[in-house]
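Residues per chain, in single letters:
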Amino acid sequence: MTTLLTIGETLAVASTPVGTPLRNAADLHLSTAGAESTVAIGVRRLGHTAAWVGVLGADELGARVHRELAAEGVDTRFVRFVPDAPTGFMLRDHRTRDYVSVSYYREHGSGTRLGADDVEAAFAAFDGIDMVHLTGITTALSPSCRAAVLRAVELARERGALVSFDVNYRRALSGPTPEDVREILPHTDVLFVGHDELHIVTEEVEPLSAARELLRHGPTEVVVKRGKDGACAAADGDLFEVAGMNVAVMDVIGAGDSFVAGYLGARAHGLPIPERLRWATTCAACTVGTRGDWEGLPHLSELDGRMETDKT
Ligand code: CKP
Ligand code: MG
């Protein structure tokens, strides 16, 4: 039994110190990052079980990624190591606190090797899965990754697991395409979309109208992430809004996935949508206030304190 199963690519990331352009930087900070593994870590820290399925290179960076996820208590039993493709890598040129230029070195990386077989092996091992979380990044990595996502959707449906999908458009990957999203949408229960990604999924530009409109295409819950302006959601004919938290920005990357972790973590505790949105914005704020994509994610015991901080 696992609360969350997620599949995708986790990479090693080297970042300049905030405010130091890459061409002038003497030191780089090494960490790991990946949209889906950030969600797995966040959900795990909020008191649930979470498994991440992906392919890593049989190299030192792959060992680093694996070690970090295992240390966070994420189930890594279905991670596969390959000898002939390197673990994906990313360079972040942290010009300012809120402007980061990202270069990917992942085109022929191990993450592209994920396939439907990996997904089938993982599904077969669990006697119960509550939620399956997928993102548009994975659909854009390679044809076999796209097939893995579609197989995960099918198996989740067969097994009665909730399907959560985050559009997560990446210009450098030219995806997901509107067609990719249209294929997954009818099978999605909870859809996450950034306000700047709305054009990929709908003609509506106003977040609340867009959320309501997207309910007609399959999801029972649509959540529009609005960055520092908070978020809104539509479900069952009801609309919800939450303001963003006040936070001194340290590093904005990872906020979207941290938001998803908070939302799904709250959902798995049986909390209603307004509380899910509050947990989500709190988790996003914790990440934005800390260096790294996932390091600042709150543990369950810290969450109330972090919400309190915002009220003062
Ligand atoms: O939307 P976010 O800023 O939360 O996404 C950041 C993640 O997976 C980051 O971890 C990076 O590795 C990625 O998105 C990506 O592949 O771009
Ligand atoms: Mg995002």
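For the structure, check the block above.
This is a predicted model, so every value here is computed, not measured.

## Considerations on the site of ligand 1
Taken together, the neighbourhood of ligand 1 is formed by 17 residues, with A35, Y104, R170, D257 and D293 sitting nearest. Taking R106, its side chain carries an N or O atom lying 2.9 Å from an oxygen atom of ligand 1. One nitrogen or oxygen atom from the main chain of G254 is found 2.9 Å from an oxygen atom belonging to ligand 1. In isolation ligand 1 has 410 Å² of accessible area, and contact with the protein removes 89% of it. Breaking the shell around ligand 1 down by element, the ones donating at least two residues are β7 (89-96) and α9 (255-268). Take the shell around ligand 1: its biggest share by element is three residues, from α9.

## Here we look at unusual backbone geometry
Most peptide bonds adopt trans geometry, and most residues besides glycine take a negative phi value. Cis rather than trans, the peptide bond between G175 and P176 has omega equal to 5 degrees. When you line up the elements, P176 lands in the loop between β10 (162-166) and α6 (178-184). Residues other than glycine seldom take positive phi values, yet N168 does so here, at roughly 45 degrees. Mapped onto the elements of the fold, N168 is located in the loop between β10 and α6.

## Quick notes on the nonpolar core
Nonpolar side chains in soluble globular proteins tend to end up buried together. I7, F123 and L134 are the most contacted members of the largest nonpolar core, which has 47 residues in total. Top element by residues in this core is helix α5 (residues 143-159). It accounts for seven residues. Contacts of I7, omitting those with residues within four sequence positions, involve E36, W52, V53, L114, V119, H133, L134, T138, A148, V149 and A152. V79, F192, V242 and V288 belong to the second largest nonpolar core, which has 41 residues in total.

## A short note on the packing of helix α3 (residues 116-125) against α5
With their axes 7 Å apart at the nearest point, α3 and α5 run at an angle of 25 degrees to one another. Classified by the angle their axes make, α3 and α5 are roughly parallel. Helix-helix and strand crossings are classified by hand; for α3 and α5 the assignment is right-handed. Counting all contacts with α3, which are made through A116, V119, E120, F123 and A124, the residues of α5 involved are S144, A147, A148, R151, A152, L155, A156 and R159. Looking at the contact of α3 with α5 residue by residue, the class counts come to nine nonpolar, one polar and three charged.

## Here we look at the sheet that holds strand β9 (residues 129-135)
Spatially, β4-β1-β9-β10-β11-β12-β13-β14 is the arrangement adopted by the eight strands of the open sheet, whose pairing is mixed. Edge strands, defined here as strands with exactly one partner in the open sheet, are β4 (50-53) and β14 (238-242). Ignoring which end each strand starts from, the neighbouring axes of this sheet average 15 degrees apart. Two elements, strand β12 (residues 221-225) and strand β13 (residues 231-235), share five bridges in a ladder whose sense is antiparallel. Each bridged residue has a counterpart across the sheet, and for V223 the counterpart in β13 is A233.

## What to know about the packing of aromatic side chains
Following the criterion strictly, the structure yields three aromatic pairs and no others. Ring geometry for F192 versus Y263: centroids 5.4 Å apart, planes at 85 degrees, classification edge-to-face. Note that F192 is positioned in strand β11 (residues 190-194) and Y263 in helix α9, a separation of 71 residues in sequence. A cation over an aromatic ring shows up here: R106 above the ring of Y104, its NZ or CZ 4.4 Å from the ring centre.

## Digging into the sheet that holds β7
Read from one edge of the open sheet, four strands run β3-β2-β7-β8, paired in mixed fashion. Only two strands of the sheet have a single neighbouring strand rather than two, namely β3 (29-33) and β8 (99-105). Between one strand axis and the next, the sheet turns by 25 degrees as a mean value, whatever way the strands run. Pairing of strand β2 (residues 11-15) with β3, which is carried by five bridges, proceeds in the antiparallel orientation. Bridge pairing in β3 links S15 to H29. With respect to the sheet, helix α2 (residues 60-71) is in contact with β2, β3 and β7, its orientation differing from that of β3 by roughly 65 degrees.

What counts, and at which threshold
Residues numbered from 1 in each chain as written. Chains lettered and ligands numbered in written order. Predicted model: local features only at pLDDT ≥ 70, side-chain atom pairs only at ≥ 80, totals over all residues. Heavy atoms only, no water. Near = heavy atom within 4 Å. Polar contact = N/O pair within 3.5 Å; in protein donor to acceptor, adjacent residues only side chain to side chain. Areas by Shrake-Rupley, 256 points an atom, 1.4 Å probe, with all protein chains shown as cover. Helix = DSSP H or I, 4+ residues; strand = E, 2+ residues; numbered from the N terminus. Core = buried A, V, L, I, M, F, W, Y, C linked by side-chain atoms within 4.5 Å. Buried < 20%, exposed > 50% of the residue type's maximum accessible area, 1.4 Å probe, protein only. Contact = heavy atoms within 4.5 Å. Axes fitted to C-alpha atoms, helices over the stretch in contact; angles between N-to-C directions. Parallel < 35°, antiparallel > 145°, perpendicular 65-115°, else oblique. Left-handed = near helix turned anticlockwise from the far one by under 90°. Nonpolar A, V, L, I, M, F, W, Y, C, P; charged D, E, K, R; others polar. Pairing = 2+ DSSP bridges. Phe/Tyr/Trp six-rings, centres within 6.5 Å; stacked < 30°, edge-to-face > 60°. Lys NZ or Arg CZ within 6 Å of the ring centre and 35° of its normal.

In short, shape yes, function no, at least from these values alone.
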